[in-house]
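# Results of the structural survey
Letter by letter, the chains look like this.
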Amino acid sequence: MTTPIAPDVISLREITKAFPGVVANDRISLDIVSGQVHCLLGENGAGKSTLISILAGMQQPDSGTIAINGVTATINSPKAAVDYGIGVVHQHSTLVPAFTVLENLMLGETGLLLEKKRAIERLGELAELLGAQIDPDALASDLGLGQQQQVEIAKAIWKGSRLLILDEPTSMLTPQAIDHLAESIERVKSQGLAVVFITHKLREAYSMGDCVTVLRGGRNVGHISVDELHSYDEQQAQDAILSAMFGEDISAVGADAADLAGATTATRETKAIDRTTQAVRLELTGVSSRGLGRDVEATDVTIQVREGEILGIAGIDGHGQGALAELVAGQRSVSTGTVRFEGQDVTRLGVRGRQQLGIRYVTDDRLHEGTIGSMSVALNLVIKRIGQRPFWRFGQIQRKAVDAEAATQIDKFGIRTPSPATRAGTLSGGNIQKILLARELAHGAQLVVVNKPTYGLDLKTVRLVREILIDFAANGGSVLLLSTDLDELVELSHRIEIISSGRIVGSVTNDGPGTAEKVGHFMTGAIEGAQ
Ligand SMILES: Nc1ncnc2c1ncn2[C@@H]1O[C@H](COP(=O)(O)OP(=O)(O)OP(=O)(O)O)[C@@H](O)[C@H]1O
(Lines give C-alpha, C1' and ligand atoms only; values in the text may rest on other atoms or scores of the structure.)
Protein backbone atom coordinates (compact mmCIF):
# COMPACT_ATOMS: atom_id res chain seq x y z
CA MET A 1 0.00 0.00 0.00
CA THR A 2 1.10 3.56 -0.55
CA THR A 3 1.60 5.64 2.55
CA PRO A 4 -1.10 8.22 3.18
CA ILE A 5 0.08 11.65 2.13
CA ALA A 6 -0.38 14.59 4.52
CA PRO A 7 -3.16 16.98 3.51
CA ASP A 8 -2.03 19.30 0.75
CA VAL A 9 -3.49 22.43 -0.69
CA ILE A 10 -2.68 23.40 -4.26
CA SER A 11 -3.61 27.07 -4.59
CA LEU A 12 -4.14 28.68 -7.95
CA ARG A 13 -4.17 32.45 -7.79
CA GLU A 14 -5.25 34.80 -10.57
CA ILE A 15 -4.25 32.39 -13.34
CA THR A 16 -4.58 34.13 -16.69
CA LYS A 17 -3.96 32.77 -20.17
CA ALA A 18 -4.94 34.48 -23.39
CA PHE A 19 -4.95 33.23 -26.96
CA PRO A 20 -5.52 35.44 -30.00
CA GLY A 21 -9.02 36.85 -29.64
CA VAL A 22 -9.90 35.05 -26.41
CA VAL A 23 -8.97 35.05 -22.75
CA ALA A 24 -9.17 31.33 -22.00
CA ASN A 25 -8.43 31.72 -18.28
CA ASP A 26 -9.23 35.06 -16.75
CA ARG A 27 -7.78 35.53 -13.24
CA ILE A 28 -8.89 32.11 -12.01
CA SER A 29 -8.28 31.38 -8.34
CA LEU A 30 -9.16 28.13 -6.63
CA ASP A 31 -7.87 25.70 -4.04
CA ILE A 32 -7.48 21.99 -4.65
CA VAL A 33 -7.37 20.06 -1.39
CA SER A 34 -6.11 16.54 -0.86
CA GLY A 35 -8.68 13.89 0.05
CA GLN A 36 -11.34 15.71 -1.98
CA VAL A 37 -12.80 15.40 -5.45
CA HIS A 38 -12.95 18.89 -6.94
CA CYS A 39 -15.35 18.94 -9.89
CA LEU A 40 -14.73 21.41 -12.66
CA LEU A 41 -17.74 22.22 -14.79
CA GLY A 42 -18.42 24.67 -17.57
CA GLU A 43 -19.67 24.90 -21.10
CA ASN A 44 -17.47 24.16 -24.10
CA GLY A 45 -14.83 26.82 -24.33
CA ALA A 46 -15.18 27.84 -20.67
CA GLY A 47 -11.47 27.26 -20.10
CA LYS A 48 -11.31 23.90 -18.31
CA SER A 49 -8.76 22.22 -20.60
CA THR A 50 -6.56 25.30 -20.58
CA LEU A 51 -6.53 25.32 -16.80
CA ILE A 52 -5.61 21.66 -16.52
CA SER A 53 -2.97 21.95 -19.20
CA ILE A 54 -1.40 24.71 -17.07
CA LEU A 55 -1.52 22.45 -14.01
CA ALA A 56 -0.01 19.65 -16.09
CA GLY A 57 2.87 21.83 -17.26
CA MET A 58 1.79 21.70 -20.91
CA GLN A 59 1.11 25.43 -21.10
CA GLN A 60 2.41 28.36 -19.11
CA PRO A 61 0.07 31.01 -17.72
CA ASP A 62 0.59 34.61 -18.83
CA SER A 63 0.28 35.61 -15.19
CA GLY A 64 -0.80 34.21 -11.85
CA THR A 65 0.75 31.73 -9.45
CA ILE A 66 0.43 28.16 -8.31
CA ALA A 67 1.53 27.26 -4.79
CA ILE A 68 1.63 23.94 -2.98
CA ASN A 69 1.16 24.36 0.77
CA GLY A 70 2.12 27.99 0.45
CA VAL A 71 5.32 27.37 -1.51
CA THR A 72 5.39 28.61 -5.11
CA ALA A 73 5.48 25.76 -7.64
CA THR A 74 7.02 26.37 -11.04
CA ILE A 75 5.30 23.90 -13.34
CA ASN A 76 7.13 24.75 -16.54
CA SER A 77 7.05 21.32 -18.22
CA PRO A 78 5.09 18.05 -18.06
CA LYS A 79 8.12 16.55 -16.30
CA ALA A 80 7.96 19.28 -13.64
CA ALA A 81 4.25 18.46 -13.12
CA VAL A 82 5.11 14.78 -12.59
CA ASP A 83 7.82 15.78 -10.13
CA TYR A 84 5.25 17.78 -8.19
CA GLY A 85 3.03 14.68 -8.20
CA ILE A 86 0.47 15.95 -10.69
CA GLY A 87 -0.88 13.26 -13.02
CA VAL A 88 -3.46 13.65 -15.78
CA VAL A 89 -5.76 11.10 -17.40
CA HIS A 90 -6.76 12.56 -20.74
CA GLN A 91 -10.04 11.90 -22.54
CA HIS A 92 -8.34 9.77 -25.13
CA SER A 93 -6.08 6.86 -24.36
CA THR A 94 -2.38 7.60 -24.43
CA LEU A 95 -1.36 3.94 -24.10
CA VAL A 96 0.74 2.39 -26.82
CA PRO A 97 -1.63 -0.29 -28.22
CA ALA A 98 1.09 -2.76 -29.19
CA PHE A 99 2.72 -2.64 -25.75
CA THR A 100 1.68 -4.67 -22.73
CA VAL A 101 0.26 -2.95 -19.68
CA LEU A 102 3.58 -3.31 -17.92
CA GLU A 103 5.55 -1.94 -20.85
CA ASN A 104 3.23 1.04 -21.00
CA LEU A 105 3.73 1.71 -17.33
CA MET A 106 7.49 1.16 -17.38
CA LEU A 107 7.84 3.56 -20.26
CA GLY A 108 7.86 6.66 -18.10
CA GLU A 109 7.71 10.21 -19.24
CA THR A 110 11.45 10.09 -19.80
CA GLY A 111 10.95 7.34 -22.35
CA LEU A 112 13.22 5.03 -20.35
CA LEU A 113 12.16 1.60 -19.19
CA LEU A 114 12.15 1.17 -15.44
CA GLU A 115 13.37 -1.95 -13.77
CA LYS A 116 10.85 -4.75 -14.32
CA LYS A 117 10.69 -6.26 -10.85
CA ARG A 118 10.10 -2.89 -9.24
CA ALA A 119 7.47 -2.11 -11.88
CA ILE A 120 5.53 -5.30 -11.16
CA GLU A 121 5.51 -4.45 -7.45
CA ARG A 122 4.32 -0.94 -8.12
CA LEU A 123 1.58 -2.17 -10.43
CA GLY A 124 0.45 -4.55 -7.68
CA GLU A 125 0.25 -1.66 -5.20
CA LEU A 126 -1.72 0.49 -7.59
CA ALA A 127 -4.08 -2.30 -8.64
CA GLU A 128 -4.84 -2.82 -4.97
CA LEU A 129 -5.30 0.90 -4.43
CA LEU A 130 -7.68 1.15 -7.40
CA GLY A 131 -9.49 -2.07 -6.54
CA ALA A 132 -8.81 -3.18 -10.10
CA GLN A 133 -7.56 -6.37 -11.62
CA ILE A 134 -4.82 -5.38 -14.02
CA ASP A 135 -3.00 -8.08 -15.95
CA PRO A 136 0.56 -6.78 -16.48
CA ASP A 137 1.03 -8.91 -19.59
CA ALA A 138 -2.19 -8.00 -21.41
CA LEU A 139 -1.72 -5.99 -24.58
CA ALA A 140 -3.15 -2.48 -24.19
CA SER A 141 -5.10 -2.98 -27.43
CA ASP A 142 -6.90 -5.99 -25.92
CA LEU A 143 -8.26 -4.08 -22.94
CA GLY A 144 -11.81 -2.75 -22.72
CA LEU A 145 -12.14 1.00 -22.29
CA GLY A 146 -12.80 0.76 -18.56
CA GLN A 147 -9.67 -1.33 -18.06
CA GLN A 148 -7.61 0.99 -20.24
CA GLN A 149 -8.71 3.82 -18.07
CA GLN A 150 -7.67 2.01 -14.90
CA VAL A 151 -4.23 1.57 -16.47
CA GLU A 152 -4.18 5.27 -17.39
CA ILE A 153 -4.94 6.15 -13.77
CA ALA A 154 -2.21 3.81 -12.58
CA LYS A 155 0.14 5.51 -15.03
CA ALA A 156 -0.86 8.98 -13.81
CA ILE A 157 -0.18 8.12 -10.17
CA TRP A 158 2.75 5.81 -10.92
CA LYS A 159 5.22 8.01 -9.07
CA GLY A 160 3.02 8.57 -6.03
CA SER A 161 0.95 11.55 -7.11
CA ARG A 162 -0.62 14.17 -4.94
CA LEU A 163 -3.10 15.28 -7.58
CA LEU A 164 -4.96 13.17 -10.11
CA ILE A 165 -6.74 15.06 -12.88
CA LEU A 166 -9.46 13.18 -14.76
CA ASP A 167 -10.67 14.86 -17.94
CA GLU A 168 -14.22 13.69 -18.69
CA PRO A 169 -13.43 10.16 -17.61
CA THR A 170 -16.91 8.72 -17.90
CA SER A 171 -17.95 9.77 -21.37
CA MET A 172 -17.05 6.49 -23.09
CA LEU A 173 -17.71 4.05 -20.28
CA THR A 174 -20.53 1.59 -19.71
CA PRO A 175 -22.65 2.06 -16.56
CA GLN A 176 -20.73 -0.81 -14.92
CA ALA A 177 -17.34 0.73 -15.71
CA ILE A 178 -18.53 4.10 -14.35
CA ASP A 179 -19.44 2.44 -11.03
CA HIS A 180 -16.02 0.87 -10.94
CA LEU A 181 -14.34 4.19 -11.66
CA ALA A 182 -16.34 5.83 -8.85
CA GLU A 183 -15.10 3.15 -6.44
CA SER A 184 -11.51 3.67 -7.58
CA ILE A 185 -11.83 7.43 -7.11
CA GLU A 186 -13.12 6.89 -3.56
CA ARG A 187 -10.12 4.71 -2.79
CA VAL A 188 -7.62 7.12 -4.32
CA LYS A 189 -9.19 9.95 -2.34
CA SER A 190 -9.07 8.02 0.92
CA GLN A 191 -5.33 7.64 0.36
CA GLY A 192 -5.00 11.41 0.58
CA LEU A 193 -4.74 12.32 -3.08
CA ALA A 194 -6.60 15.28 -4.47
CA VAL A 195 -8.74 14.64 -7.53
CA VAL A 196 -9.84 17.17 -10.14
CA PHE A 197 -12.76 15.74 -12.07
CA ILE A 198 -13.95 17.39 -15.26
CA THR A 199 -17.45 16.48 -16.33
CA HIS A 200 -20.44 17.81 -18.18
CA LYS A 201 -22.82 15.63 -16.21
CA LEU A 202 -24.39 17.20 -13.15
CA ARG A 203 -25.46 13.85 -11.77
CA GLU A 204 -21.82 12.78 -11.63
CA ALA A 205 -20.68 16.04 -10.04
CA TYR A 206 -23.21 15.44 -7.29
CA SER A 207 -22.53 11.76 -6.77
CA MET A 208 -18.73 11.81 -7.02
CA GLY A 209 -17.75 15.38 -6.09
CA ASP A 210 -16.92 16.94 -2.75
CA CYS A 211 -16.91 20.48 -4.11
CA VAL A 212 -17.61 22.15 -7.45
CA THR A 213 -16.11 25.06 -9.36
CA VAL A 214 -17.92 26.41 -12.40
CA LEU A 215 -16.04 28.23 -15.16
CA ARG A 216 -17.73 30.50 -17.66
CA GLY A 217 -16.01 32.63 -20.29
CA GLY A 218 -12.64 31.84 -18.69
CA ARG A 219 -13.68 32.99 -15.23
CA ASN A 220 -14.42 31.21 -11.99
CA VAL A 221 -18.11 32.13 -11.69
CA GLY A 222 -19.20 29.89 -8.87
CA HIS A 223 -17.89 27.64 -6.18
CA ILE A 224 -19.91 25.19 -4.12
CA SER A 225 -17.92 24.34 -1.01
CA VAL A 226 -17.61 20.92 0.55
CA ASP A 227 -20.01 21.84 3.35
CA GLU A 228 -22.55 23.29 0.96
CA LEU A 229 -22.44 20.38 -1.47
CA HIS A 230 -22.77 17.82 1.31
CA SER A 231 -25.76 19.66 2.77
CA TYR A 232 -27.59 19.87 -0.59
CA ASP A 233 -29.91 17.27 -2.00
CA GLU A 234 -29.40 16.46 -5.67
CA GLN A 235 -31.96 18.99 -6.85
CA GLN A 236 -30.44 21.83 -4.84
CA ALA A 237 -26.98 20.96 -6.10
CA GLN A 238 -28.22 20.98 -9.70
CA ASP A 239 -29.95 24.32 -9.25
CA ALA A 240 -26.81 25.86 -7.76
CA ILE A 241 -24.57 24.54 -10.54
CA LEU A 242 -26.96 25.51 -13.33
CA SER A 243 -27.38 29.04 -12.08
CA ALA A 244 -23.60 29.43 -11.92
CA MET A 245 -23.21 27.94 -15.40
CA PHE A 246 -25.83 29.97 -17.15
CA GLY A 247 -25.99 33.09 -14.98
CA GLU A 248 -28.69 35.38 -16.25
CA ASP A 249 -29.43 33.00 -19.09
CA ILE A 250 -30.96 30.63 -16.56
CA SER A 251 -34.42 32.08 -17.24
CA ALA A 252 -34.04 31.02 -20.86
CA VAL A 253 -33.05 27.55 -19.70
CA GLY A 254 -35.71 27.50 -16.94
CA ALA A 255 -38.07 24.59 -17.29
CA ASP A 256 -35.56 22.56 -19.24
CA ALA A 257 -33.01 22.66 -16.46
CA ALA A 258 -33.70 19.08 -15.43
CA ASP A 259 -33.28 17.95 -19.04
CA LEU A 260 -30.06 19.85 -19.37
CA ALA A 261 -28.81 18.36 -16.18
CA GLY A 262 -29.47 14.91 -17.55
CA ALA A 263 -31.33 14.36 -14.30
CA THR A 264 -34.28 12.54 -15.74
CA THR A 265 -34.05 9.10 -17.23
CA ALA A 266 -34.45 9.41 -20.95
CA THR A 267 -37.56 7.94 -22.52
CA ARG A 268 -38.84 8.61 -25.98
CA GLU A 269 -42.49 9.29 -26.35
CA THR A 270 -42.51 9.15 -30.14
CA LYS A 271 -44.13 6.12 -31.66
CA ALA A 272 -42.19 3.76 -33.85
CA ILE A 273 -41.99 4.74 -37.51
CA ASP A 274 -44.98 3.65 -39.55
CA ARG A 275 -43.49 0.91 -41.69
CA THR A 276 -46.42 0.96 -44.10
CA THR A 277 -46.01 4.58 -45.14
CA GLN A 278 -42.35 5.41 -44.61
CA ALA A 279 -40.14 4.14 -47.39
CA VAL A 280 -36.82 2.43 -46.76
CA ARG A 281 -34.04 4.92 -47.45
CA LEU A 282 -30.93 2.97 -46.56
CA GLU A 283 -30.69 -0.79 -46.72
CA LEU A 284 -27.65 -2.89 -45.91
CA THR A 285 -27.96 -6.58 -46.74
CA GLY A 286 -25.37 -8.99 -45.39
CA VAL A 287 -22.66 -6.34 -45.58
CA SER A 288 -19.13 -6.92 -44.38
CA SER A 289 -16.49 -4.23 -44.55
CA ARG A 290 -12.88 -4.39 -45.62
CA GLY A 291 -10.52 -1.91 -44.04
CA LEU A 292 -6.87 -1.77 -43.24
CA GLY A 293 -7.15 -4.42 -40.56
CA ARG A 294 -6.51 -2.01 -37.71
CA ASP A 295 -9.92 -2.18 -36.10
CA VAL A 296 -13.01 -4.36 -35.86
CA GLU A 297 -14.71 -4.77 -39.24
CA ALA A 298 -18.48 -4.80 -39.70
CA THR A 299 -19.60 -8.36 -40.43
CA ASP A 300 -22.76 -9.57 -42.15
CA VAL A 301 -24.75 -6.47 -41.19
CA THR A 302 -28.37 -6.23 -42.31
CA ILE A 303 -30.18 -3.03 -41.34
CA GLN A 304 -32.79 -0.69 -42.76
CA VAL A 305 -33.31 2.98 -42.05
CA ARG A 306 -36.59 4.52 -43.20
CA GLU A 307 -37.51 8.07 -44.07
CA GLY A 308 -37.94 10.11 -40.91
CA GLU A 309 -36.36 7.40 -38.81
CA ILE A 310 -33.52 7.59 -36.32
CA LEU A 311 -31.93 4.18 -36.05
CA GLY A 312 -29.62 3.91 -33.06
CA ILE A 313 -26.67 1.54 -33.02
CA ALA A 314 -25.65 0.74 -29.46
CA GLY A 315 -22.46 -0.98 -28.44
CA ILE A 316 -19.29 -0.85 -26.45
CA ASP A 317 -16.85 1.49 -28.13
CA GLY A 318 -14.63 -0.14 -30.73
CA HIS A 319 -17.00 -2.94 -31.72
CA GLY A 320 -17.22 -2.11 -35.40
CA GLN A 321 -19.12 1.18 -35.21
CA GLY A 322 -16.38 3.02 -37.10
CA ALA A 323 -16.37 0.45 -39.88
CA LEU A 324 -20.16 0.50 -40.17
CA ALA A 325 -20.24 4.30 -40.34
CA GLU A 326 -17.49 4.39 -42.94
CA LEU A 327 -19.06 1.82 -45.18
CA VAL A 328 -22.30 3.73 -45.28
CA ALA A 329 -20.40 6.95 -45.98
CA GLY A 330 -18.43 5.22 -48.75
CA GLN A 331 -15.07 5.59 -47.01
CA ARG A 332 -14.52 1.88 -46.50
CA SER A 333 -14.98 -0.83 -49.10
CA VAL A 334 -17.56 -3.56 -48.92
CA SER A 335 -16.20 -7.10 -49.16
CA THR A 336 -19.58 -8.84 -49.36
CA GLY A 337 -23.22 -7.75 -49.37
CA THR A 338 -25.05 -4.79 -50.84
CA VAL A 339 -25.74 -1.21 -49.82
CA ARG A 340 -28.86 0.36 -51.32
CA PHE A 341 -29.89 3.97 -51.02
CA GLU A 342 -33.41 4.94 -52.07
CA GLY A 343 -33.59 1.74 -54.07
CA GLN A 344 -30.32 2.35 -55.91
CA ASP A 345 -27.39 -0.01 -55.49
CA VAL A 346 -24.57 2.21 -54.16
CA THR A 347 -22.27 -0.58 -53.00
CA ARG A 348 -19.47 0.53 -55.30
CA LEU A 349 -20.19 4.26 -55.24
CA GLY A 350 -17.47 6.47 -53.70
CA VAL A 351 -17.71 9.15 -51.04
CA ARG A 352 -18.36 12.02 -53.39
CA GLY A 353 -21.12 10.20 -55.27
CA ARG A 354 -22.84 9.30 -52.03
CA GLN A 355 -22.56 12.86 -50.76
CA GLN A 356 -24.29 14.08 -53.88
CA LEU A 357 -27.12 11.63 -53.25
CA GLY A 358 -27.50 13.16 -49.78
CA ILE A 359 -25.54 10.70 -47.64
CA ARG A 360 -23.58 12.61 -45.00
CA TYR A 361 -21.21 11.57 -42.28
CA VAL A 362 -20.26 13.23 -39.01
CA THR A 363 -17.20 11.35 -37.81
CA ASP A 364 -16.32 10.87 -34.15
CA ASP A 365 -12.79 12.01 -34.97
CA ARG A 366 -13.68 15.67 -35.14
CA LEU A 367 -10.17 17.01 -34.74
CA HIS A 368 -8.31 14.97 -37.32
CA GLU A 369 -10.71 13.57 -39.83
CA GLY A 370 -13.61 15.99 -39.43
CA THR A 371 -11.91 19.35 -39.71
CA ILE A 372 -8.67 20.85 -40.91
CA GLY A 373 -7.39 22.66 -37.86
CA SER A 374 -5.06 24.97 -39.72
CA MET A 375 -7.85 26.26 -41.98
CA SER A 376 -10.41 28.90 -41.11
CA VAL A 377 -13.82 28.16 -39.67
CA ALA A 378 -15.37 29.52 -42.88
CA LEU A 379 -13.39 27.20 -45.15
CA ASN A 380 -14.11 24.20 -42.94
CA LEU A 381 -17.79 24.91 -43.35
CA VAL A 382 -17.60 24.53 -47.14
CA ILE A 383 -14.69 22.14 -47.48
CA LYS A 384 -16.81 19.27 -48.79
CA ARG A 385 -17.95 21.50 -51.63
CA ILE A 386 -14.59 22.44 -53.05
CA GLY A 387 -14.93 23.25 -56.73
CA GLN A 388 -18.71 23.57 -56.53
CA ARG A 389 -20.90 26.57 -57.06
CA PRO A 390 -21.63 28.99 -55.49
CA PHE A 391 -18.42 28.70 -53.45
CA TRP A 392 -16.11 28.14 -56.39
CA ARG A 393 -16.48 29.47 -59.91
CA PHE A 394 -14.04 28.95 -62.74
CA GLY A 395 -11.57 27.46 -60.27
CA GLN A 396 -11.66 30.56 -58.07
CA ILE A 397 -12.93 30.63 -54.52
CA GLN A 398 -15.87 33.00 -54.15
CA ARG A 399 -15.07 34.75 -50.86
CA LYS A 400 -18.40 36.51 -50.63
CA ALA A 401 -20.39 33.30 -50.98
CA VAL A 402 -18.14 31.47 -48.51
CA ASP A 403 -18.41 34.31 -45.98
CA ALA A 404 -22.17 34.49 -46.37
CA GLU A 405 -22.48 30.72 -45.83
CA ALA A 406 -20.18 30.94 -42.79
CA ALA A 407 -22.18 33.79 -41.28
CA THR A 408 -25.44 31.84 -41.72
CA GLN A 409 -24.11 28.62 -40.21
CA ILE A 410 -22.23 30.33 -37.37
CA ASP A 411 -25.47 32.02 -36.41
CA LYS A 412 -27.76 29.01 -36.91
CA PHE A 413 -25.58 26.59 -34.95
CA GLY A 414 -24.32 29.11 -32.38
CA ILE A 415 -20.67 28.42 -33.27
CA ARG A 416 -18.56 30.43 -30.82
CA THR A 417 -15.57 31.73 -32.70
CA PRO A 418 -13.72 35.06 -32.52
CA SER A 419 -14.31 35.38 -36.28
CA PRO A 420 -15.04 33.26 -39.40
CA ALA A 421 -11.36 33.60 -40.26
CA THR A 422 -10.18 32.03 -36.99
CA ARG A 423 -8.30 28.75 -37.39
CA ALA A 424 -10.77 25.93 -36.62
CA GLY A 425 -8.19 24.01 -34.61
CA THR A 426 -8.18 26.65 -31.92
CA LEU A 427 -11.90 26.32 -31.14
CA SER A 428 -13.19 24.20 -28.28
CA GLY A 429 -14.39 20.65 -28.97
CA GLY A 430 -18.05 21.63 -28.84
CA ASN A 431 -17.64 24.36 -31.37
CA ILE A 432 -15.72 22.10 -33.73
CA GLN A 433 -18.58 19.60 -33.53
CA LYS A 434 -21.04 22.33 -34.43
CA ILE A 435 -18.96 23.09 -37.56
CA LEU A 436 -19.20 19.44 -38.62
CA LEU A 437 -22.93 19.22 -38.09
CA ALA A 438 -23.57 22.53 -39.81
CA ARG A 439 -21.57 21.41 -42.82
CA GLU A 440 -22.98 17.90 -43.11
CA LEU A 441 -26.63 18.77 -42.61
CA ALA A 442 -26.58 21.59 -45.14
CA HIS A 443 -27.67 21.40 -48.77
CA GLY A 444 -29.66 18.30 -49.61
CA ALA A 445 -28.81 15.94 -46.74
CA GLN A 446 -31.12 12.90 -46.82
CA LEU A 447 -29.34 10.53 -44.49
CA VAL A 448 -26.80 11.47 -41.90
CA VAL A 449 -24.52 8.99 -40.17
CA VAL A 450 -23.43 10.40 -36.82
CA ASN A 451 -20.86 8.70 -34.64
CA LYS A 452 -20.90 9.76 -30.96
CA PRO A 453 -22.37 13.13 -31.90
CA THR A 454 -22.38 14.64 -28.41
CA TYR A 455 -19.22 13.16 -26.97
CA GLY A 456 -17.45 15.79 -24.88
CA LEU A 457 -20.08 18.45 -25.45
CA ASP A 458 -21.56 20.65 -22.75
CA LEU A 459 -25.18 20.48 -21.62
CA LYS A 460 -26.54 23.19 -23.86
CA THR A 461 -24.67 21.96 -26.90
CA VAL A 462 -25.76 18.38 -26.29
CA ARG A 463 -29.34 19.54 -26.25
CA LEU A 464 -28.86 21.65 -29.35
CA VAL A 465 -27.27 18.76 -31.27
CA ARG A 466 -30.02 16.36 -30.21
CA GLU A 467 -32.71 18.81 -31.23
CA ILE A 468 -31.03 19.28 -34.60
CA LEU A 469 -31.12 15.52 -35.20
CA ILE A 470 -34.72 15.16 -34.02
CA ASP A 471 -35.81 18.06 -36.27
CA PHE A 472 -33.91 16.63 -39.21
CA ALA A 473 -35.80 13.33 -38.82
CA ALA A 474 -39.12 15.06 -38.15
CA ASN A 475 -38.68 16.72 -41.55
CA GLY A 476 -38.19 13.41 -43.28
CA GLY A 477 -34.42 12.98 -42.88
CA SER A 478 -32.95 9.64 -41.84
CA VAL A 479 -30.34 9.27 -39.13
CA LEU A 480 -28.01 6.40 -38.40
CA LEU A 481 -26.90 7.20 -34.87
CA LEU A 482 -23.91 5.33 -33.49
CA SER A 483 -23.41 6.02 -29.83
CA THR A 484 -22.03 4.53 -26.66
CA ASP A 485 -24.37 6.67 -24.56
CA LEU A 486 -27.51 4.74 -23.71
CA ASP A 487 -29.44 7.81 -22.55
CA GLU A 488 -28.73 9.44 -25.88
CA LEU A 489 -29.82 6.40 -27.88
CA VAL A 490 -33.07 6.13 -25.95
CA GLU A 491 -33.77 9.83 -26.18
CA LEU A 492 -33.31 9.98 -29.94
CA SER A 493 -33.86 6.63 -31.60
CA HIS A 494 -37.03 5.03 -32.90
CA ARG A 495 -35.29 1.69 -32.93
CA ILE A 496 -31.98 0.53 -31.50
CA GLU A 497 -29.81 -2.28 -32.85
CA ILE A 498 -26.90 -3.57 -30.83
CA ILE A 499 -23.49 -4.18 -32.37
CA SER A 500 -20.88 -6.48 -30.86
CA SER A 501 -17.62 -7.59 -32.47
CA GLY A 502 -18.85 -6.08 -35.71
CA ARG A 503 -22.13 -8.03 -35.82
CA ILE A 504 -25.66 -6.92 -35.07
CA VAL A 505 -26.68 -9.04 -32.10
CA GLY A 506 -30.06 -7.61 -31.15
CA SER A 507 -32.76 -5.14 -32.01
CA VAL A 508 -35.10 -3.23 -29.71
CA THR A 509 -38.04 -0.99 -30.64
CA ASN A 510 -37.97 2.13 -28.50
CA ASP A 511 -41.56 1.93 -27.32
CA GLY A 512 -41.42 3.24 -23.77
CA PRO A 513 -39.93 2.52 -20.36
CA GLY A 514 -37.71 -0.52 -20.23
CA THR A 515 -35.95 0.10 -23.55
CA ALA A 516 -32.64 1.05 -21.91
CA GLU A 517 -32.70 -2.10 -19.81
CA LYS A 518 -33.34 -4.27 -22.86
CA VAL A 519 -30.51 -2.63 -24.80
CA GLY A 520 -28.28 -2.80 -21.72
CA HIS A 521 -29.01 -6.50 -21.51
CA PHE A 522 -27.74 -7.04 -25.06
CA MET A 523 -24.76 -4.77 -24.40
CA THR A 524 -23.85 -6.56 -21.20
CA GLY A 525 -24.11 -9.84 -23.01
CA ALA A 526 -21.83 -8.29 -25.57
CA ILE A 527 -19.29 -7.31 -22.93
CA GLU A 528 -19.24 -10.76 -21.41
CA GLY A 529 -18.96 -12.32 -24.81
CA ALA A 530 -16.08 -10.08 -25.74
CA GLN A 531 -13.87 -10.70 -22.75
N1 LIG B 1 -4.03 26.63 -28.41
C2 LIG B 1 -5.03 27.50 -28.51
N3 LIG B 1 -4.97 28.51 -29.40
C4 LIG B 1 -5.97 29.40 -29.50
N5 LIG B 1 -7.11 29.37 -28.75
C6 LIG B 1 -7.22 28.37 -27.86
C7 LIG B 1 -6.19 27.39 -27.69
N8 LIG B 1 -6.60 26.53 -26.71
C9 LIG B 1 -7.81 26.96 -26.29
N10 LIG B 1 -8.18 28.06 -26.97
C11 LIG B 1 -9.43 28.83 -26.77
O12 LIG B 1 -9.55 29.08 -25.38
C13 LIG B 1 -10.91 28.98 -24.97
C14 LIG B 1 -11.01 27.95 -23.83
O15 LIG B 1 -10.82 26.65 -24.39
P16 LIG B 1 -10.72 25.34 -23.51
O17 LIG B 1 -10.37 24.24 -24.43
O18 LIG B 1 -9.86 25.59 -22.33
O19 LIG B 1 -12.23 25.19 -23.02
P20 LIG B 1 -12.96 23.92 -22.35
O21 LIG B 1 -13.76 24.46 -21.22
O22 LIG B 1 -11.95 22.89 -22.01
O23 LIG B 1 -13.90 23.44 -23.53
P24 LIG B 1 -14.41 21.94 -23.91
O25 LIG B 1 -15.48 21.58 -22.92
O26 LIG B 1 -14.97 22.11 -25.30
O27 LIG B 1 -13.22 21.02 -23.88
C28 LIG B 1 -11.71 28.60 -26.20
O29 LIG B 1 -12.27 29.77 -26.72
C30 LIG B 1 -10.67 28.05 -27.15
O31 LIG B 1 -11.06 28.32 -28.47
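For clarity, every value in this text was computed on a predicted model and none was experimentally measured.

Quick notes on the rules
Residues numbered from 1 in each chain as written. Predicted model: local features only at pLDDT ≥ 70, side-chain atom pairs only at ≥ 80, totals over all residues. Heavy atoms only, no water. Helix = DSSP H or I, 4+ residues; strand = E, 2+ residues; numbered from the N terminus. Buried < 20%, exposed > 50% of the residue type's maximum accessible area, 1.4 Å probe, protein only. Polar contact = N/O pair within 3.5 Å; in protein donor to acceptor, adjacent residues only side chain to side chain. Near = heavy atom within 4 Å. Areas by Shrake-Rupley, 256 points an atom, 1.4 Å probe, with all protein chains shown as cover. Nonpolar A, V, L, I, M, F, W, Y, C, P; charged D, E, K, R; others polar. Domains from an automatic or database assignment. pLDDT = per-residue confidence, 0-100. Contact = heavy atoms within 4.5 Å. Axes fitted to C-alpha atoms, helices over the stretch in contact; angles between N-to-C directions. Parallel < 35°, antiparallel > 145°, perpendicular 65-115°, else oblique.

## Some words on the side chain of Arg 495
Assignment of secondary structure puts Arg 495 in strand S21 (residues 495-500). Judged by its relative accessible area of 11%, Arg 495 is buried. Of the polar contacts made by the side chain of Arg 495, one reaches the side chain of Glu 497; its length is 2.9 Å.

## A closer look at the site of the ligand
By nearness alone, 17 residues border the ligand, and Gly 45, Lys 48, Ser 49, Thr 50 and Thr 426 come closest of all. Thr 50 places a side-chain nitrogen or oxygen 2.6 Å from an oxygen atom of the ligand. At 2.5 Å from an oxygen atom of the ligand is found a main-chain nitrogen or oxygen belonging to Thr 426. For the ligand, the protein covers 79% of the area, taking 630 Å² as the surface of the free molecule. Class assignment of the residues belonging to the shell around the ligand gives a composition of 5 nonpolar, 10 polar and 2 charged. Two domains each put at least three residues into the shell around the ligand: domain 1 (9-93 + 161-259) and domain 3 (368-443).

## Focus: the confidence of the model for the chain
Averaged over every residue, the pLDDT of the chain is 85; residues scoring 70 or more account for 89%. Low pLDDT (under 50) marks residues 1-5, which in the prediction has 11 contacts with non-local residues, meaning those over four places away or in another chain.

## Remarks on the packing of helix H17 (residues 429-441) against helix H18 (residues 459-474)
Running from N to C, H17 and H18 cross one another at 10°; their axes reach a closest spacing of 11 Å. Compared by their axis directions, H17 and H18 come out roughly parallel. Contact residues: Gly 430, Lys 434, Leu 437 and Leu 441 in H17; Thr 461, Leu 464, Val 465, Ile 468 and Phe 472 in H18. Its residues assigned to classes, the contact of H17 with H18 shows 6 nonpolar, 2 polar and 1 charged.

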